[in-house]
Amino acid sequence: MQISTLNKFFARTGAFQITHRWVFLVAILIITILGSTGLSRLTLSGSEESWFEDWEQVKVDSDHFEDIFGSEDSIMILVEADDVFAPEVLHAIKKLGERLVAEVPYADEVTSITDLSVPIGNEEGFEISNPFEDGIPSSSKELQEKKDFILGRQSIRNYLVSDDAKETWVLLSLEPYEGGIDFARINIAPYAEKVIFSDEFKSDSYTFKPTGLSYSEMEEDKVTEKECKLRVLSGFVVMLLCLVLFVRSLRGVIVPLIATLGGIGCVLGFSAYLGITGDSNLITLPILLGMALSVGYSIHYINSFRMFFRQTGHRKDSVVKAVEETGWPILFTVITTVASLISFLFAGIGPIRWVGGISASIVLAVYMYVIILIPILLSFGKDKTPAPSQMQTGATKADMQFYRLGGKILDHSHLVCIVSAVILIAAASGIFKIRVNMDYVKMMGDKIPYVARTLSMLDGKLGSMYDYNVVIEFEEPDAYKNPERMKQLEQLEQAAGSLSLTKVSSGTPRVQSIIRLIKELNRTLNYDEEAYYAIPDDEDMLTQLMFLYEISDSKTFFNWIDPDYKMAYIHVELSKYDSSSIVTDLEQIKAKAIELFPDAKISVVGEVVNYAEMNSKLVTGELKSFIGSFIIIALLLMIAFASVRTGLIGMIPNIAPVIIIGGIMGFCSFYLDMLTMTIMPMILGIAVDDTIHFTNHIKFQLEKGYSYRDAILVSFREIGKTMGMTTFILCAMFFMYTFSPMACLYRVGLLAIIGLGTALIADYTITPVLMYIIKPFKNMTIKEETK
C-alpha cells in the first residue's frame, strides 16, 4: 500500500474538516455534554467478587457455602494489653461490644471474653452461661477465678484469648445483607470505625486493632480513592507543564486539555449510563494513559504543522499538509494501541477486562477529539512570511541534531546489533525468575498505615489475616451423627494443623470446627475431666451431645454444621501468605479430605482460595493477553506495510522493552499481580506507536525517491524530536506513580518508565539499523537529500 495514496485521503479529510469546522465543533460539544452528565452515575469497586464469573467453580463453591452458613464477613477487633483481664480493659471490651451492637447496621451479636457462651456443668447436667453475665467483679480474687476458668478452656484458649492474656478478640457477627462486600464497606464498616476509634476508647492501657472483610475493603477504598485523585491530579499538572514546555502556545495547550477531559469524561460517563462498574484499583491507568496519549497525538500534529508553517507561512495549507502526513501513522498507532488493550479481554479476569475495554475506548475517544479539534483550531489565525533559512526543510537546530544522531547510529550499525543482542539475552534470563503472588500485603505495601497495622497483628499470637474453609458435604442427612465421621473430621483438623502456613499459637494450631464444641460439652458433662475432651465413641451419646447443644445455643452450633447434619467445615487460619506454599497446602488438605471422606463432596473456599486461583489465572491471563496483543499487532503491521518481513522487523524493537521489563521483574523480585500483568501488553501497544511513525516516515521518503540512508536521516530530522517528546510525556506521567506509597502503583510506574524508555531507545537504534541492513522496501528513483 502506497503511503502517498493514504496521505492524499487524509489531506482531503483535513480540508473537509476546515471547510465545515463549525459543524464539527457544535457536534463535539453536544457529545461532550451528553457524556459528561453520566459521570455522576459512575460507580467504582475494588471488591474481589468481580474476579470470577458466576459459572466458575470457586465462585459456585463460595456461594453455596454462604447460602448455608452466611457471609464470612464480620467486624473483628484485636485487643492488646498487658492483661486483657484487667478491670479497665474488661470494661472497655464490654462497652465496645454494647456500642457495636447498638450503633452498627446489621449488627447481630458480639463474642468476646465479656460476652461469651460457655457450657458449664450443674446438677441438671449443664447450662450455657457467660462468666461475666453479672458484670465485671470488683474482687480481684473473683476476677482471677474467671480468668483461670476461661483460660482453662481449650476451645477458647489461643482462639479467642491468648494463653498469656495479652491479646483477645472482640467479634461482631453480622446479619445477612444484600449487595456483597461493596454494600458493607459503605453502609456497615464506617459505623464500626466510628465506634472503635471514638474518644471513649482512647487509653494507654489497651489498643484496638480492627479488621474484617468489609472493614479492610473500606480502608483499602479510602487509600485507593486518595491515591487515585492524587495520581490523576499530579498527572494533569505534569501534562500542563509538558504542554507549556514543548508547545509554548495557548492554542496548543488548550486543545489537548479539551481532548483529554472530553474524551475521558465521555467514555466514563457513557459507561456509567450502561451500568458498568469500574475498578477503583485500576482506574488511574486508563485515565493517565488517555491524558498522555492525548498530548502525544497533539504534539505529532502540532510539530508537523509548525514545520510546514515555517516553510510556507500559509496556515490552512499547513494544517492540511500536517493532517496529510501525520493522519495515517497516528490512526495506525491508535489501532495498534487499541488492539493491545483489547487483548486484555482474553485474560478471563473481570477487572483486567474492564481496564482493557475502558482504556481502548478512552484511546479512541481522545484520538477523535484530537483529530477533530487540532486541525480546526489551528486553522484559525493569520498567515505569516516564512524565514528564508527555513523555507526548504523547516528544520530547527534540535531537528538537525537528531539528523546527525541518525548518521552516527547508521555508521555503527553492527555494533548496535551486537550490544542490543547482548543486553536482551541477559535480560531474558530474568523472565524465568518472575513469580506470581497475589499477596495483598505485598501489593499494597507496608507504607500504608492500615497494612502496617495488620502486619503488626500478625506478629502476635491471635492475629491472622488470611484463612480458608475446607467443606465436607454428604448426600444423606444426619451423616455427622456418626462418631467415625466426627473422628475423621478431627483427623482432618490435625492434618490442617501440620501444614506449613497454618498459624500456631503457643503450640496450638489455629484450626477450628464443630469438633471443639462437641469435645468441650462432653468434658463439661463429665465433671470437667480432661480425659473427656474427646469425641464419644457411642453414636447415641454423640447424638445426645449435639441435640443438647442445638437446643441450648443453636446459633453457635449451626455456625459450624448445617441443620441437616450433612455439611460441616474446618476453618484454618494462616500465619502468612505465600503463593507457592498456599497452592501446596490447599492441594494437600483437599487430598487428605478426599482420602478421609471418599463418599463426600469436598470444596475449599475463602479469600486465600481466591488468591490461589488468581495466581494461575494471572499466568494464563498474561500469556493470553500478551500473545493476543503480539499476534494482532504483528498482523496489522504486515497488512499496513504489505509485507510479512516488514511486519516482523517492526515487532523486533517492540519486543525489546517487554524483555527488559520481564528481566527487571525477575531480577528485582517484582511479583506478577493484578496491576503488573497489565504492563507488558500495554507497553507493547504503546511502544509500537513510535515504530509505526518511524517506519511509515521512512517508507514515505523512499516513495519520494530517497535512498535508505537519506530516508532514515530525513525521518530522524522530521519526527525524531517528536518521538522523544511523546515518550518523555508518557514517562513523566507514569513517574507520578513512583511517589505513591502503594507498592503496586510504584512498581507499575517504574516498570512503565523503563519500558517506554527502552522502547524509545530501540526505535532510535534497532529500528533504523534493521531498516538500513535488511532494506525491506523497494524505493524508486533515488535523489540526494538537501541538508
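Rules behind the numbers
Residues numbered from 1 in each chain as written. Predicted model: local features only at pLDDT ≥ 70, side-chain atom pairs only at ≥ 80, totals over all residues. Heavy atoms only, no water. Helix = DSSP H or I, 4+ residues; strand = E, 2+ residues; numbered from the N terminus. Buried < 20%, exposed > 50% of the residue type's maximum accessible area, 1.4 Å probe, protein only. Salt bridge = Lys/Arg side-chain N within 4 Å of Asp/Glu carboxyl O. Axes fitted to C-alpha atoms, helices over the stretch in contact; angles between N-to-C directions. Parallel < 35°, antiparallel > 145°, perpendicular 65-115°, else oblique. Left-handed = near helix turned anticlockwise from the far one by under 90°. Contact = heavy atoms within 4.5 Å. Nonpolar A, V, L, I, M, F, W, Y, C, P; charged D, E, K, R; others polar. Core = buried A, V, L, I, M, F, W, Y, C linked by side-chain atoms within 4.5 Å. Pairing = 2+ DSSP bridges. 1 Å grid on protein atoms, 1.4 Å probe; cavity = no way out; pocket = protein on both sides within 12 Å on 5 of 7 lines; lining within 4 Å. Points joined across faces, edges and corners; volume = space filled by probe spheres on them. Polar contact = N/O pair within 3.5 Å; in protein donor to acceptor, adjacent residues only side chain to side chain. Disulfide = S-S within 2.5 Å.

Asks: Which parts of the structure should I look at to understand unusual backbone geometry?
Replies: It is generally the case that most residues other than glycine have a negative phi and that most peptide bonds are trans. Although it is not a glycine, Y106 adopts a positive phi angle of roughly 65 degrees. Residue placement: Y106 occurs in the loop between α4 (87-103) and β3 (107-111). Of note in the backbone geometry, S506 takes a positive phi value of approximately 50 degrees without being a glycine. Relative to the assigned elements, S506 resides in the loop between β10 (504-505) and β11 (508-509). Residue class for S506 comes out partly exposed when judged on its relative accessible area of 39%.

Asks: What exactly am I supposed to notice about the pattern of salt bridges here?
Replies: Opposite charge on two side chains makes pairing possible when the charged atoms of those side chains draw close. All chains considered together, the criterion is met by 32 salt bridges. Across the salt bridge formed by R99 and E103, the nearest N and O atoms sit 2.8 Å from each other. One end of the pair is R99 and the other is E103, both in helix α4 and four residues apart, which spans about a single turn. Its salt-bridge partner being D182, residue R185 comes within 2.9 Å of it at the nearest N-O pair. Of this pair, R185 and D182 are both found in helix α6 (residues 180-187), three residues apart, which corresponds to roughly one turn of the helix. Salt bridges sharing common partners tie together R153, E520, R523, D528 and E530.

Asks: Is there a simple way to explain the packing of helix α8 (residues 213-246) against helix α9 (residues 250-273) in this structure?
Replies: Two packed helices can be described by the angle between their axes and the distance between those axes. One can describe the packing of α8 onto α9 by two numbers: an axis separation of 9 Å at closest approach and a directional angle of 150 degrees. When the axes of α8 and α9 are compared, the pair comes out roughly antiparallel. Two packed elements cross with a definite hand, and for α8 against α9 that hand is right-handed. Counting all contacts with α8, which are made through F236, M239, L240, L243 and V244, the residues of α9 involved are G252, V253, P256, L257, T260 and L261. Residues of the contact of α8 with α9, tallied by class, amount to nine nonpolar, two polar and no charged.

Asks: Sorry if this is basic, but what is going on with the nonpolar core here?
Replies: One recurring pattern in soluble globular proteins is that nonpolar side chains are buried together. In terms of nonpolar packing, the biggest core is built from 208 residues, with Y468, I472, M486, L489 and I561 touching the most fellow members. At 19 residues, helix α12 (residues 350-378) tops the list of elements feeding residues into this core. Of all hydrophobic cores here, the second largest spans 47 residues; its members include V89, A107, I113 and L143.

Asks: Sorry if this is basic, but what is going on with the packing of helix α2 (residues 21-36) against α9 here?
Replies: With their axes 7 Å apart at the nearest point, α2 and α9 run at an angle of 50 degrees to one another. Our classification of the angle between α2 and α9 gives oblique. Regarding α2 and α9, the two cross each other, and that crossing is left-handed. Contacts from I31, T32, L34, G35 and S36 of α2 reach α9 at G262, G265, C266, G269, F270 and Y273. Residues of the contact of α2 with α9, tallied by class, amount to five nonpolar, six polar and no charged.

Asks: Teacher, can you tell me more about the pairing of strand β9 (residues 466-473) here?
Replies: Both faces of the sheet carry side chains from a regular strand, because those side chains alternate between them. The element β9 is extensively covered by neighbouring structure, given that seven of its eight residues are classed as buried. Across eight bridges, the pairing between β9 and strand β13 (residues 567-574) is antiparallel. Across the sheet, residue V471 finds its bridge partner in β13, namely Y569.

Asks: What exactly am I supposed to notice about the layout of surface pockets here?
Replies: In this approach a probe as big as a water molecule rolls over the atoms, and the regions it shows empty are the leftover space. Quantified by volume, the second largest pocket comes out at close to 510 Å³. If you go around the second largest pocket, you meet 20 residues; those closest to its centre are L42, C228, L268, I283 and I287. Counting only elements with at least two residues in the lining of the second largest pocket, the list comes to α8, α9 and α10 (284-312). Per element, the largest residue contribution to the lining of the second largest pocket is seven residues, and it comes from α8. Residues of the lining of the second largest pocket, tallied by class, amount to twelve nonpolar, four polar and four charged.

Asks: Would you mind going over the sheet that holds strand β12 (residues 511-512) with me for this structure?
Replies: Sheet strands pair by backbone hydrogen bonding; their relative direction is either parallel or antiparallel. If you trace the four strands from one edge of the open sheet to the other, you get β12-β13-β9-β14, paired in antiparallel fashion. Two strands in the sheet have a free side with no partner beyond their single neighbour: β12 and β14 (601-605). Alignment of β12 against β13, held across two bridges, turns out to be antiparallel. When the sheet's bridge partners are listed, Q512 is paired in β13 with H571. Helix-sheet contacts for helix α17 (residues 483-497) involve β9, β12 and β13, and the interaxial angle to β13 is about 15 degrees.

Asks: Got a minute to help me understand the environment of D199 in this structure?
Replies: Tracing the sequence through the fold places D199 in the loop between α7 (189-196) and β7 (206-211). A distance of 2.9 Å separates the side chain of D199 from the side chain of K202, its partner in a polar contact.

Asks: Honestly, the state of the cysteines in this entry has me stumped. Any pointers?
Replies: By definition, a disulfide links two cysteine residues through a covalent bond between their sulfur atoms. All told, the structure shown has zero disulfides when counted by the stated rule. Of all cysteine sulfurs in the structure, the one in C731 sits closest to C242, which takes part in no disulfide; the separation is 10 Å.

Asks: Can you walk me through the side chain of T211 in this structure?
Replies: Note on placement: T211 falls in strand β7. Accessibility expressed as a relative area gives 11% for T211, which makes it buried. Not counting chain neighbours up to four residues away, the residues in contact with T211 comprise S74, I75, M76, W169, S216 and M457.

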